[in-house]
Protein chains: 2
Amino acid sequence: MNTQKEITIYDIAEALDLSPATVSRGLKDHPAIKKDTRKKILDKAKELGYQQNLFASNLRRSRSNTIGVIVPRLNSYFMSAVISGMEKVANAAGYNLIISQSTESKEKELANIKTLYNSRVDGLLVSLAYDSEDINHFDLFLNKGIPLIFFDRVFEHPRCTSIVIDNYKAGYEITSHLISQGCKRIAHITGSVIRNVYADRLKGYRHALVDNSIPYDESFVFPCNLSEQAGADVTQRLLEMPELPDGVFAANDTTAVSCIRTLKQAGIKIPEQIAVAGFNNDPLSKVIEPNLTTMNYPGQEMGELAAATLIRKLDNKEGTSLNTIVLHHNMIVRESSLRKKINL
Amino acid sequence: MNTQKEITIYDIAEALDLSPATVSRGLKDHPAIKKDTRKKILDKAKELGYQQNLFASNLRRSRSNTIGVIVPRLNSYFMSAVISGMEKVANAAGYNLIISQSTESKEKELANIKTLYNSRVDGLLVSLAYDSEDINHFDLFLNKGIPLIFFDRVFEHPRCTSIVIDNYKAGYEITSHLISQGCKRIAHITGSVIRNVYADRLKGYRHALVDNSIPYDESFVFPCNLSEQAGADVTQRLLEMPELPDGVFAANDTTAVSCIRTLKQAGIKIPEQIAVAGFNNDPLSKVIEPNLTTMNYPGQEMGELAAATLIRKLDNKEGTSLNTIVLHHNMIVRESSLRKKINL
DNA sequence: CTGAAAGCGCTAACAC
DNA sequence: GTGTTAGCGCTTTCAG
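- As recorded in an unreviewed UniProt entry, chain A goes by LacI family DNA-binding transcriptional regulator and comes from Ohtaekwangia kribbensis.

Here you go:
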């Protein structure tokens, strides 16, 4: 099948009676090439249907123009927005993206790291798996000084930039909001507190309680895997509590929505009996009834920024200066938590 | 930064007093290598921290072990499920995925094609952009005999395999269902009828009407870009019709959900006044009230199958035999279309 | 079963 | 401004 012969810079050189070196330079806007020569080269290249062989180029330059991405899971709205943002920026800058999923497991994460290392990616964009307590498995990259940028689920490391929102503040705000709506017994559905995102939201929740003279009670905190099913299960446990909570702050919208549905089935009035707030501003949040109060969280932007930051590093446009970039967030108050009816 | 020296097969060869050729063979289970020698090679490789240089290998073999993926948009639930499936299969088979988005534009699609061609992907997995009426822009690949597989939004071509569901049948079924619920004036919200998926669903809709002695009326068909906004806009036009329709079949869940919300705001009872059905089984469909009748459509499976089919072709495990693979689909009837209350 | 050697296509000193 | 040349690291005939 592979019939048509590959055109190389040698073919162009020969056709134009030039050296391959000149052709190579002409093809990439090298300053020391006559305008006129370059035009000839470009024209001939197009005429012959020349396509650069990136392997040869990469081999020679030991650089791949490829960025590796490792995410826990691909199939969430948030993550696809992130990837979409990355792709946009990377593509515009002439980089390719190689994407892999850790499926929330540290082992798979390590396997992904190895594959991406073999692919000689120029840099790595990572959101950590559920159970990665440290980042020793990234040593392969760190030891070689290959830039590593964490986003969302990050890990503090002197050599890595992190891109996050202020999860502490966001957790604090959303809990304070529930309190302002009269909630006093607020349950918190969370993920693995190994992960910064959940640990910080939990801390925000806790401090908001304390600052409002509500004692923090660990039995109101429900760690789970944040799936739809887990949301339903946790809610079932809430319903079995001797005294019902009057508010729920869930660390993502999936569980918040699942919680609302379960509560409704049990005949609980929302927000009157239990006010509910989520996190992520997933499209689901506008569809569930009552509409879900949630934290808006710019996925696309986070992806764009992560890619742009990495590319800037790769192009050496900056040193190892910045270490943490914090994106803005904003609470979206909707009916699920609004007891004191103001205007919507 | 890039300090640590790269270990190559030469280093291993030297350390073991072997030739690079033998090391190369040992590393990839070549049959003509003594078990014992291979073990020594593998051990030494591990000891030295050897990592294959894929560029050199790819350059030499003119093969990349990389699959290119072009999708209209990354940020939908369906598409991320597809990608997730592809990644799983590709990764297991030792392939990488390079993913790019056409953002529904033929021009960007062409740019993606060129990039992926330069990256020397071994094959291509494509779901076509909104406005690609032909696939001449894929000639680069077709002429070279590089396998090209379409999924979901496909184009009939003798050299390409397509992976689809039976959109005609699905459209027929869902329309018939609406009719069985007593609908007689059914509007259809659709996308660009250039695309097989929408054209086929439309044809199914049409034939279902005719087969039930309901005349097909073009003014009941509303092409749009299937966004949330478009769903609301179309619904507004429905509401302005001199006589309201009594059923809506939307070609995706996003518009169906948006339609329901708009109708509810206008005080229309669903399904009593207007029954609504969507397409995709998006997570939204279970959350909207009333729950949305929709067509289940296996994204993850489609992705897995597309990748598996391509890889089988690449490994030459089969000729150019199969041309179209049709995946099963199944209608999920929920309250949004259920007038004759049976059991749910 | 192993080795020698050529070359995949490109880039970047270094020359002129 | 342009040319010469030496590899980047690997695979694969061909020989033995």
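## Section: the protein's contact with DNA strand D
Then, number 1: Every one of the 25 residues lining DNA strand D counts as a neighbour, but A:T22, A:R25, A:R60, B:Y50 and B:R60 are closest to it.
Then, number 2: Close to the protein, within 4 Å, the atoms of DNA strand D belong to sugar or phosphate groups at a rate of 61%.
Then, number 3: In the model, a phosphate oxygen of DNA strand D is placed 2.8 Å from a nitrogen or oxygen of the B:S24 side chain.
Then, number 4: Contact between DNA strand D and B:N53: a phosphate oxygen at 3.4 Å from a main-chain N or O atom of the residue.
Then, number 5: For the surface near DNA strand D, the secondary-structure elements that each account for two or more residues are helix 2 (20-27) and helix 4 (54-61) of chain A together with helix 1 (9-16), helix 2 (20-27) and helix 4 (54-61) of chain B.
Then, number 6: Of the residues in the surface near DNA strand D, the class split is ten nonpolar, eight polar and seven charged.

## With respect to the relation of the copies chain B and chain A
Then, number 1: With an axial shift of 0.0 Å and an RMSD of 0.1 Å, the rotation relating chain B to chain A amounts to 180°. Taken together, these values place the two copies in the relation of a two-fold axis.

## Points about the interface of chain B and chain A
Then, number 1: With 55 residues of chain B at the contact, the number on the chain A side is 54 residues.
Then, number 2: Buried area between chain B and chain A, both sides added, is near 5,100 Å², and the carbon and sulfur share of it is 53%.
Then, number 3: Contact with chain A buries surface across chain B, with B:F55, B:R120 and B:K144 losing the most and accounting together for 14% of the total.
Then, number 4: At the boundary of chain B with chain A, the tally comes to four salt bridges.
Then, number 5: Residues A:E228 and B:K286 are paired through a salt bridge, measuring 3.3 Å at the closest nitrogen-oxygen approach.

## Observations regarding the sheet that holds strand 9 (residues 275-277) of chain A
All names here are of chain A.
Then, number 1: Here we have four strands laid out as an open sheet, ordered 7-6-8-9, and parallel in their pairing. A single partner strand is all that each edge strand has here, and the edge strands are strand 7 (221-223) and strand 9. The sheet shows a mean angle of 15° between the axes of neighbouring strands, taken without regard to direction.
Then, number 2: Sheet topology note: the strand 6 (residues 186-190)/strand 7 ladder contains three bridges and is parallel. Among the inter-strand pairings, I189 is bridged to a residue of strand 7, identified as F222.

## Focus: the UniProt feature "domain: HTH lacI-type" (unreviewed entry) in chain A
Then, number 1: Annotation from UniProt places "domain: HTH lacI-type" (unreviewed entry) at residues 7-61 of chain A.
Then, number 2: Structurally, residues 7-61 of chain A is divided into 69% helix and 0% strand, and its ends, taken at the C-alpha atoms, are 20 Å apart.

## Concerning the protein's contact with DNA strand C
Then, number 1: Taken together, 26 residues surround DNA strand C, and among them A:Y10, A:S24, A:Y50, A:R60 and B:T22 come closest.
Then, number 2: At 2.9 Å from a phosphate oxygen of DNA strand C is found a side-chain nitrogen or oxygen belonging to A:K28.
Then, number 3: Separating a base oxygen of DNA strand C from a side-chain N or O atom of B:R25 is a distance of 2.8 Å.
Then, number 4: Going through the elements one at a time, helix 1 (9-16), helix 2 and helix 4 of chain A together with helix 2 and helix 4 of chain B are the ones with two or more residues in the surface near DNA strand C.
Then, number 5: Residue contributions to the surface near DNA strand C peak at four residues, all from helix 4 of chain A.
Then, number 6: A class-by-class count of the residues in the surface near DNA strand C yields ten nonpolar, eight polar and eight charged.

## As for the pairing of strand 2 (residues 96-101) of chain A
Residue and element names in this part refer to chain A.
Then, number 1: Within strand 2, six of the six residues are buried, leaving the element largely enclosed by the surrounding structure.
Then, number 2: On strand 2, burial covers both faces: N96, I98 and S100 on one face and L97, I99 and Q101 on the other are all buried.
Then, number 3: With six bridges joining them, strand 1 (residues 66-71) and strand 2 adopt parallel strand pairing. Paired with I70 across the strands is S100, a residue of strand 2.
Then, number 4: Remark: the strand 1/helix 5 (residues 77-92)/strand 2 crossover connection has right-handed handedness.

## Observations concerning the packing of helix 2 of chain B against helix 3 (residues 35-48) of chain B
All names here are of chain B.
Then, number 1: Orientation of helix 2 relative to helix 3, taken along the N-to-C sense of each, is 90°, at an axis distance of 9 Å. Classed by the angle they form, the pair helix 2 and helix 3 counts as roughly perpendicular. Contacts between helix 2 and helix 3 involve T22, V23, G26 and L27 from the first element and T37, R38, I41, L42 and A45 from the second.
Then, number 2: Here the residues of the contact of helix 2 with helix 3 are counted per class, giving five nonpolar, three polar and one charged.

Quick notes on the rules
Residue numbers here run from 1 along each chain, matching the order of that chain's written sequence. To label them, take the chains in the order written and letter them from A, then take the ligands in the order written and number them from 1. Under the rules for a predicted model, residues below a pLDDT of 70 receive no local features and side-chain atom pairs below 80 are neither given nor counted, while totals for whole chains, interfaces and linings still include all residues. To get the side-chain values, take all heavy atoms of the structure and skip hydrogens and water. Distances are taken per atom, and a residue is near a molecule or strand as soon as one of its heavy atoms is within 4 Å of it. Whenever a nitrogen or oxygen atom comes within 3.5 Å of another N or O atom, the pair is scored as a polar contact, on the condition that within protein one atom can donate a hydrogen and the other can accept it, and that pairs from neighbouring residues in sequence are kept only if both atoms are in side chains. Working definition: helices are DSSP H or I runs of at least four residues, strands are E runs of at least two. Numbering for both runs from the N terminus. Just so you know the grouping, Ala, Val, Leu, Ile, Met, Phe, Trp, Tyr, Cys and Pro go in nonpolar, Asp, Glu, Lys and Arg go in charged, and all remaining residues, Gly too, go in polar. Copy-to-copy superposition: least squares on the C-alpha atoms, limited to residues that have pLDDT of at least 70 in both copies. Contacts between residues were defined by any pair of non-hydrogen atoms, one from each residue, lying within 4.5 Å. Throughout, the accessible surface (probe 1.4 Å) given up by two parts as they are put together, summed over both, is called the buried area. When a carboxyl oxygen of Asp or Glu lies within 4 Å of a side-chain nitrogen of Lys or Arg, that pair is called a salt bridge. What makes two strands pair is DSSP finding at least two bridges between them. Orientation is described by lines fitted to C-alpha atoms, with helices fitted over the stretch in contact, and by angles between N-to-C directions that extend from 0 to 180 degrees. UniProt positions are given in the numbering used here, feature names are shortened, and annotations may be inferred rather than shown by experiment. Exposure categories follow from relative accessible area, calculated using a 1.4 Å probe and restricted to protein chains: below 20% of the type maximum is buried, above 50% is exposed, and the middle band is partly exposed. Looking down the strands as they point away from the viewer, one classifies a crossover as right-handed if the path from the first strand across the helix to the second runs clockwise. Just so you know how the angles are binned, under 35 degrees is roughly parallel, over 145 roughly antiparallel, 65 to 115 roughly perpendicular, and the rest oblique.

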